[in-house]
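Chains, contacts and geometry: an overview
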Amino acid sequence: MALRLYDTRTAEIRAFEPLVAGEVSLYYCGATVQGRPHVGHIRSAVCFDILTRWLEHSGYRVMTVRNVTDIDDKILEKSAQSYAAGFEPSEDYPAAEPWFALAYRFEQVFAEAYAAVGVRRPTYEPRATGHITEMHALIQRLIDAGHAYPALDDSGDVYFDVRSWPQYGELTHQSVEDMQDAPDADPRGKRDPRDFALWKGHKDDEPLTASWDSPWGRGRPGWHVECSAMSTKYLGAQFDIHGGGLDLRFPHHENELAQSAAAGDGFARFWLHNGMVTMNGEKMSKSVGNTISPDEMLARARPRAVRYFLGQAHYRSQLDYRPGSLQEAQAAVERIENFLDRALPQGHGAGVSGELPEAFTAAMNDDLNVPAALAALHETVRAGNTALDAQDADTARSCAGQVLGMLDVLGLNDVPEPGHDDAGGAMEALSHLVEAQLAQRAEAKQTKDFARADAIRDALAAVGIAVEDTPDGATWSLRGGHR
RNA sequence: GGUGGGGUGGCCGAGUGGCGAGGCAGCGGCCUGCAAAGCCGUAUACGCGGGUUCGAUUCCCGUCCCCACCUCCA
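Everything quoted here is computed from the prediction, not taken from an experiment. (Residues numbered from 1 in each chain as written. Chains lettered and ligands numbered in written order. Predicted model: local features only at pLDDT ≥ 70, side-chain atom pairs only at ≥ 80, totals over all residues. Heavy atoms only, no water.)

**Notes on the side chain of His242**
In plain terms, the rule: A run of DSSP states H or I qualifies as a helix once it reaches four residues; a run of E qualifies as a strand once it reaches two. Both are numbered from the N-terminal end. Any two residues having at least one pair of non-hydrogen atoms within 4.5 Å are treated as being in contact.
Inspection of the secondary structure assignment puts His242 in strand 9 (residues 238–245). His242 has contacts with Tyr27, Cys29, His253, Glu256, Phe267, Ala268, Phe270, Trp271 and Leu272, leaving out every residue within four places of it along the chain.

So this is what it looks like as structure tokens:
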């Protein structure tokens, strides 16, 4: 069965066929780098990372582009605040920081946050500020086609003319007439309050560094135009998939689609939107204050568990966080790891086949049904454990190979685990100390001195080292940092 | 008011016109010196009311509730 995906625009699941055989072009919206990432950004990235991995596993060559919005109202506002009298600097927002320094700094924080849960870098990450000329060209095409106009006042803005584009609303299935009037719409210079800015004229209180010359006067880009300009520059006038969070459907993606289509570009063939992350059923947002940051998650559970949690629900479903979610995810992850440790001790994993179970493949092809894919993974783990208990090493090894293959697709094998990969010499030294303790404990057990054996185990447990007995002797692992 | 998505066992979370995915937690058992890990077993689950059907959680109608978006939003 081939891959089928849900397309927001047509509101249907249909077979995915790329524009160019064997190649997939994917654009998905990244962040406006005005602050630290929150888990919604990371969930979105995990979803599209899994999509990318699945496409690659399916044999496609995938070009992925994710934008960095490094100029916008909020970035300028945060920077301006840092110069204001009475500003109190914090760790996240130092005093007197230029907007471009702020944006660049947070861009790097985002990169670290993505990497911490094993999200691979896109093929390219274009910045809005680096594509002003492409935006100008697009805006000019829209003006020439009669779908955009310079502001009727002297603001220097350029607006998209919503009324000139009958298809406006097609992505979110709304008609312009039915839209609720925007309470904060500032109609100055607009033909219709729903018209949106392609170009924003420079204002005197904004730094000159945040403006560029244009045929319509000095200014800066509107929010939506960058994605149209950059996606088509790197992926072509028409490309396969455009993704992003559900909350970007309107206005952001609707406007992107309108301006690109009105300019004559085919644009995205599939629109994919991931669901929101909620806390006890409500969307996490800073204004409500019900947030947990990626850093806080990583402080509460291992990176691999955090990724498992963020990726475990279907990508279109809402993902609910509540106390205990991460511990549950970690328990599930460790169940998988325990099996691999039993089946492939000490690096015997080399050369095992990563062939995937049919149920897993079918689930992934069915609009990336990760929950069903995880069910297949866990069933393979159980089958493998059963085989181990029956001394059937070949079956166990085969199951382990399949599990490794599935973990690769889900990206769980790529998550860096501190204290595991990079502890180097310290880990080596610790290993000798623990082995010596275990040898003493084995001796105690030999002489049936269980009190002493338990004392050693308890002492190790007290410092975070878990000891488990197996038919082949005791094994140990660091609690919180997998062996 | 408009648009879209939901309400599944203690929790999370798939799915299906009829043999109850999966994970976590719980209980019982096997194994173990004891644990841990693992395996086996274990649940009168599908918001409510009607209808269609031999049979509905799944389809239809009605109804209640929740969530998201309607120009800051992943």
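Once you've had a look at it, read on.
**What about the packing of helix 8 (residues 303–312) against helix 11 (residues 370–389)?**
Put simply, the test is: Axes, fitted as lines to C-alpha atoms, cover a helix only where it is in contact. Angles between the N-to-C directions of the axes lie from 0 to 180 degrees. Angle categories: roughly parallel below 35 degrees, roughly antiparallel above 145, roughly perpendicular from 65 to 115, and oblique for all the rest. Just so you know the grouping, Ala, Val, Leu, Ile, Met, Phe, Trp, Tyr, Cys and Pro go in nonpolar, Asp, Glu, Lys and Arg go in charged, and all remaining residues, Gly too, go in polar.
One way to put it is that helix 8 packs onto helix 11 with a least axis distance of 9 Å and a crossing angle of 130 degrees. With respect to helix 11, the axis of helix 8 lies oblique. Counting all contacts with helix 8, which are made through Tyr308, Gly311 and Gln312, the residues of helix 11 involved are Val370, Pro371, Leu374 and His378. Of the residues that constitute the contact of helix 8 with helix 11, the class distribution is 4 nonpolar, 3 polar and no charged.

**So, the domain arrangement of chain A**
Note the threshold: Throughout the structure description, domain borders are defined by an automatic or database domain assignment.
Domains assigned within chain A are domain 1 (20–274), domain 2 (279–414) and domain 3 (424–478). Computed from C-alpha coordinates alone, the two centres of domain 2 and domain 3 are separated by 29 Å.

**With respect to the protein's contact with RNA strand B**
Defined as follows: The near set for a molecule or strand comprises every residue that places at least one heavy atom within 4 Å of it. Within 3.5 Å is the distance limit for a polar contact, defined as a pair of N or O atoms, with the added protein rule that one can donate a hydrogen and the other accept it, and that residues adjacent in sequence qualify only through two side-chain atoms.
Close contacts around RNA strand B come from 62 residues, with Trp223, Gly245, Leu248, Lys283 and Ser317 the closest. Of what RNA strand B places within 4 Å of the protein, 64% of the atoms are sugar or phosphate. Contact distances for RNA strand B include 3.1 Å between a phosphate oxygen and a backbone N or O atom of His314. In the environment of RNA strand B, a sugar or linking oxygen lies 3.1 Å from a nitrogen or oxygen atom belonging to the side chain of Arg322. Of the residues belonging to the surface near RNA strand B, the class tally is 17 nonpolar, 23 polar and 22 charged.

**Some details on the pairing of strand 10 (residues 267–274)**
Rules: Remark: exposure states derive from per-residue accessible area (1.4 Å probe, protein chains only) relative to the maximum for the residue type, with buried under 20%, exposed over 50%, and partly exposed in between. For two strands to count as paired, DSSP must find a minimum of two bridges between them. With its strands directed away from the observer, a crossover is right-handed exactly when the path from the first strand over the helix to the second travels clockwise.
Within strand 10, 7 of the 8 residues are buried, leaving the element largely enclosed by the surrounding structure. As defined by bridge partners, strand 9 adjoins strand 10 across 7 bridges and the pair is classed as parallel. Across the sheet, His242 pairs through a bridge with Trp271, a residue of strand 10. For the segment spanning strand 9, helix 6 (residues 249–262) and strand 10, crossover handedness is right-handed.

**Section: the pairing of strand 2 (residues 12–15)**
Direction of pairing for strand 1 (residues 4–7) relative to strand 2: antiparallel, over a ladder of 4 bridges. Looking at the pairing, Asp7 lines up with Glu12 of strand 2.

**A few points about the packing of aromatic side chains**
The condition is simple: Geometry of aromatic contacts follows a simple scheme: Phe, Tyr and Trp rings, the Trp one being its six-membered ring, pair when their centres are within 6.5 Å, and the pair is stacked under 30 degrees between planes, edge-to-face over 60, tilted otherwise. The criterion is that NZ of a Lys, or CZ of an Arg, lies within 6 Å of the ring centre and within 35 degrees of the ring normal, and then a charge sits over that ring.
This structure, assessed with the given rule, holds 15 aromatic pairs. Centre to centre, the rings of Tyr149 and Tyr159 are 5.9 Å apart; their planes meet at 55 degrees, and the pair counts as tilted. Note that Tyr149 is positioned in strand 5 (residues 148–150) and Tyr159 in strand 6 (residues 158–160), a separation of 10 residues in sequence. Judged by relative accessible area, which is 3%, Tyr149 ranks as buried. Residue classification places Tyr159 among the buried residues on the basis of a relative accessible area of 1%. Each residue in the set Phe16, Tyr60 and Phe270 is aromatic and connected to the rest through ring pairs, giving one cluster. One cation-aromatic arrangement involves Arg105 over Phe106; the distance from NZ or CZ to the ring centre is 4.5 Å.

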